[in-house]
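Working through the structure, step by step
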Amino acid sequence: MERRGGAAAGDVCMCQTVFPAHANHRGELSAGQLLKWMDATACLAAEKHAGVSCVTLSMDDIQFEEAARVGQIITIKAKVNRVFKTSMEVGIKVTIQDILTNVEKIVSVAYATYVAKPVGAGKIELEPVKLLSTEDHLEHTLAIERRRIRLGYEQVFQNLMQESNKEDTFEEEDAVSTDVTHVQSIELVQPPHANHHGNTFGGQIMAWMETVASISASRLCRSYPILKSVNMFKFWGPSVVGDRLVFNAIVNNAFQNSVEVGVRVEAYNCEEWIKDQARHINSAFLIFNTVNDKGELLTFPRIKPTTKDGMRRYHGAVARKRIRLARKCMLSAKEDKPSDPWERSNQIKIWTHEEGDVLSLKVEMQVKIPSHLAFSLLSDFRFRQQWDKHFITCEVLQALNEDEKIYYVKSPPMTGHKPRDFVILVSLRQPCQPSEPYIVAVKSVTLTSMPPSPEHCRSEILCAGFQIYSDSNSSCTVCYFNQVTSGVMPYLAANLTGSSKSIEDTALECIKFLELKGSKY
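Let us look at the structure shown here. Quick caveat, the model's predicted, so the values are computed rather than measured.

Observations concerning the sheet that holds strand 2 (residues 12-17)
One open sheet holds the 10 strands; their spatial order is 2-4-5-6-3-10-13-12-11-9, and the pairing between them is antiparallel. The sheet is open, and its two edges are formed by strand 2 and strand 9 (183-188), each paired on a single side. This sheet shows a mean twist of 20° between the axes of neighbouring strands, independent of strand direction. Packing of helix 1 (residues 31-50) onto the sheet brings it into contact with strand 2, strand 3 (54-64), strand 4 (73-84), strand 5 (87-97), strand 6 (104-116) and strand 10 (226-235), and relative to strand 4 it is tilted by some 45°. The strands touched by helix 3 (residues 202-221) are strand 3, strand 9, strand 10, strand 11 (244-255), strand 12 (258-268) and strand 13 (279-289); relative to strand 11, the strand with the most contacts, the crossing angle is about 45°.

Listed below in structure tokens is the structure:
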């Protein structure tokens, strides 16, 4: 296998002036035109690194922050963040500059994956990216996490779909049927739409998809929708000059101030067209909002699925929203520090914390009992089921010493799954100094005497536990930590979207338990 790239790696920059031909009715750069420019720039960056032709595999996590207006200058910068043998992740950043004020703003950020396609049947192995700056190292590290999320996306999505696989009732009289939002359109791929290999430009397909999605959203909001983000453009196969492309778009779900539109693209050559044998080549999920004359967000009407497929798409949109928010939580932090609390009350604060490629959950609770009593109650996990509904049973398997015990825990199942069980080691440490916390550390262990059983799904706790700080003689702060695993992610995602308050509810039950038990001492 030949090795290519590396020496020529570097940034690619495209500058464009926004002319009326590029703009929509508001005088703003159309999202479709911008997507074409972004794809072209990113593809050139990939080819500069690879030294051979490249094709778009996907473009995801596209966010649109600002609108570019006629007369402004668009700058699109793209660079290869990381190489994965024959594919590459390319980071894309779009900014606008006002000629009169010289003010520069970020318009969009996105990440695209390209595959090297050399002429002939031979494969090439790409050279790694040369990391020259701190930002290069950061993006190189985050790229592997983004790839992990892409590869695990389908499994996480299916888990969330199974959790939400319950019937909804739609009793609102003003609910709108999704059937009225269906849009179908057709395009003939001509030479200007294709590259030198005859394959349709990915950016051109994305622009056509944005057009039909925008029309679909407008049928729900009765206004002019604005594209705010794209979950993912996924390219399942190529299309070529002469193909007929059929685009189908429909609203999947509405979330008060935003709406998700799904688009499916099928291709036909002449023979396939006659036989009605379609090739599914592209899919995407686009999120729109709309504003009034004052720039205030408008509320979308509630939608009403009328078919089994409509219900599937409805729940799918909810699952994708959860994943988007969880992904944002995992990848947005550029420094090793906690994010802002996303749940607040007088007694409870909840954070996510990213350090390197590890995501952790932190719950901080204010409790009106002394710290030594809280430590005594939380260190005995046989009490856990009295306040934590995720613990059905908990028994001591081994007492290794005074400060370490091994427990066997059974937990309720997620929808459609077996009950879960854990074998965990709980270790205790008391403070040496008054300013130090009491610590209850938890992690999964393996015991030959307690192998996995077919009745349960053996789950894992990587690192979890409590830190208990003394605030006064009668109060303390209890901090709970849990390193996020695939088993924890559905609960975290549901709480991030507001569709569940299980984390906050469990924390409240913990406080009630501690204060009730503590009052008896």
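Having seen it, we continue.
Some points on the side chain of His390
Of note, His390 is situated in the loop between helix 6 (371-379) and strand 18 (393-401). A polar contact is formed between the side chain of His390 and the side chain of Asp388, at a distance of 2.9 Å.

A look at helix 8 (residues 502-518)
Here helix 8 is 17 residues long and its end C-alpha atoms lie 24 Å apart, about the 24 Å a rise of 1.5 Å per residue gives. Here helix 8 has its buried residues at Ser502, Ile503, Glu504, Thr506, Ala507, Cys510, Ile511, Phe513, Leu514 and Gly518.

Quick look at the pattern of salt bridges
Tallying each qualifying case throughout the model produces 17 salt bridges. Across the pair Lys362 and Glu364 runs a salt bridge, and its minimum N-O distance is 4.0 Å. A relative accessible area of 19% places Lys362 in the buried class. Through salt bridges with shared partners, a single network forms among Arg26, Glu28 and Arg69.

Examining helix 1
For helix 1, spanning 20 residues, the distance from its first C-alpha to its last is 28 Å, which sits close to the expected 28 Å at 1.5 Å a residue. When you tally the buried positions in helix 1, you get 15 out of 20 residues, the bulk of the element. In the segment just after helix 1, Gly51 is the residue with positive phi, at about 80°.

Here's the deal with the packing of helix 6 against helix 8
Contact geometry for helix 6 and helix 8: axes closest at 10 Å, N-to-C directions at 115°. Compared by their axis directions, helix 6 and helix 8 come out roughly perpendicular. In this structure, helix 6 meets helix 8 at a crossing whose hand is right-handed. Along its contact with helix 6, which presents Leu373, Ala374, Leu377 and Leu378, the element helix 8 presents Cys510, Phe513, Leu514, Lys517 and Gly518. Tallied by class, residues from the contact of helix 6 with helix 8 come to seven nonpolar, one polar and one charged.

Regarding the nonpolar core
Ranked by internal contacts, the top residues of the largest apolar core, which has 71 residues, are Ile74, Tyr114 and Phe233. With 10 residues, helix 1 is the largest single contributor of residues to this core. In contact with Ile74, not counting residues within four places along its chain, are Met14, Cys15, Gln16, Val18, Leu29, Trp37, Ala68, Val94, Thr95, Ile96 and Val107.

Describing unusual backbone geometry
Of note in the backbone geometry, Asn102 takes a positive phi value of approximately 65° without being a glycine. Position of Asn102 among the secondary structure elements: in the loop between strand 5 and strand 6. Judged by relative accessible area, Asn102 falls into the exposed class, the value being 53%. One non-glycine residue, Asp276, adopts positive backbone phi at about 60°. Looking at the element boundaries, Asp276 is found in the loop between helix 4 (270-275) and strand 13.

A closer look at the pairing of strand 24 (residues 475-483)
Of all nine residues that make up strand 24, seven are buried, and the element is covered over most of its length. Summarising the sheet, strand 23 (residues 464-472) and strand 24 pair through eight bridges and their orientation is antiparallel. Bridge pairing links Ala464 to Asn482 in strand 24. Here strand 23 folds back onto strand 24 in antiparallel fashion, the turn holding two residues.

Comments concerning the environment of Leu425
Locating Leu425 in the fold gives a position in strand 20 (residues 420-429). Considering only alpha carbons, one finds Leu425 and Lys443, 18 residues apart in sequence, at a separation of 5.5 Å. Sequence-distant contacts of Leu425, defined by excluding residues within four places in its chain, comprise Leu400, Glu404, Lys405, Ile406, Ala441, Val442, Lys443 and Val445.

Digging into the environment of Arg150
Position of Arg150 relative to the elements: it lies in helix 2 (residues 134-163). Each C-alpha atom of the pair Arg150 and Met232 lies 9.9 Å from the other, and the pair is 82 residues apart in sequence. Ignoring sequence-local partners within four residues, the contact set of Arg150 consists of Asp60, Glu89, Tyr111, Thr113 and Met232.

The rules we used
- Residues numbered from 1 in each chain as written.
- Predicted model: local features only at pLDDT ≥ 70, side-chain atom pairs only at ≥ 80, totals over all residues.
- Heavy atoms only, no water.
- Pairing = 2+ DSSP bridges.
- Helix = DSSP H or I, 4+ residues; strand = E, 2+ residues; numbered from the N terminus.
- Axes fitted to C-alpha atoms, helices over the stretch in contact; angles between N-to-C directions.
- Contact = heavy atoms within 4.5 Å.
- Polar contact = N/O pair within 3.5 Å; in protein donor to acceptor, adjacent residues only side chain to side chain.
- Expected span 1.5 Å × (residues − 1).
- Buried < 20%, exposed > 50% of the residue type's maximum accessible area, 1.4 Å probe, protein only.
- Salt bridge = Lys/Arg side-chain N within 4 Å of Asp/Glu carboxyl O.
- Parallel < 35°, antiparallel > 145°, perpendicular 65-115°, else oblique.
- Left-handed = near helix turned anticlockwise from the far one by under 90°.
- Nonpolar A, V, L, I, M, F, W, Y, C, P; charged D, E, K, R; others polar.
- Core = buried A, V, L, I, M, F, W, Y, C linked by side-chain atoms within 4.5 Å.

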